[in-house]
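Fold and contact review
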Amino acid sequence: MARRQSRATAPIRYAVVGLGHIAQVAVLPAFAHARNSTLAALVSGDDEKRRVLGRRYDVSRTYSYDQLDRCLREVDAVYLCT
């Protein structure tokens, strides 16, 4: 029987807020090597960046800045790249 992870042992679900140059060349790629974290959401005012980067990093939860409150209910932590 598979054990279900508790929130205490599950990976930390991060939202990256701001999808500019630093996020794209350093922050987002780093999640591929994270051991205790997962990239759970993307936040940007640019619809095209959210769509393209969501697809590239397999992140289905993408939000505009106006939707930030909703995003915060879905994640454990936020990485600000603004």
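Refer to the structure above for everything that follows.
This section reports on the structure supplied with the text. (Residues numbered from 1 in each chain as written. Predicted model: local features only at pLDDT ≥ 70, side-chain atom pairs only at ≥ 80, totals over all residues. Heavy atoms only, no water.)

What follows concerns the environment of tyrosine 14. Structurally, tyrosine 14 is set in strand β1 (residues 12–17). The spatial distance from the C-alpha of tyrosine 14 to the C-alpha of threonine 38 is 6.1 Å, given a sequence separation of 24 residues. Ignoring sequence-local partners within four residues, the contact set of tyrosine 14 consists of Phe31, Ser37, Thr38, Leu39, Ala40, Ala41, Val75, Ala77, Val78 and Tyr79. (Helix = DSSP H or I, 4+ residues; strand = E, 2+ residues; numbered from the N terminus. Contact = heavy atoms within 4.5 Å.)

What follows concerns helix α2 (residues 47–56). For α2, every residue scored as buried is listed here: Arg50, Leu53 and Gly54. One face of α2 carries all of its buried residues, which in axial projection span an arc of 105 degrees. Of the residues in α2, the exposed ones pointing more than 90 degrees away from the buried face are Arg55 and Arg56. Contacts made by the buried residues of α2 are with α1 (21–30), β2 (37–43) and β3 (62–63). Backbone nitrogen of glutamate 48 and a side-chain oxygen of the N-cap are separated by 2.9 Å at the start of α2; the cap is aspartate 46. (Buried < 20%, exposed > 50% of the residue type's maximum accessible area, 1.4 Å probe, protein only. Arc of directions from axis to C-beta. Polar contact = N/O pair within 3.5 Å; in protein donor to acceptor, adjacent residues only side chain to side chain.)

By themselves these figures say nothing about function.
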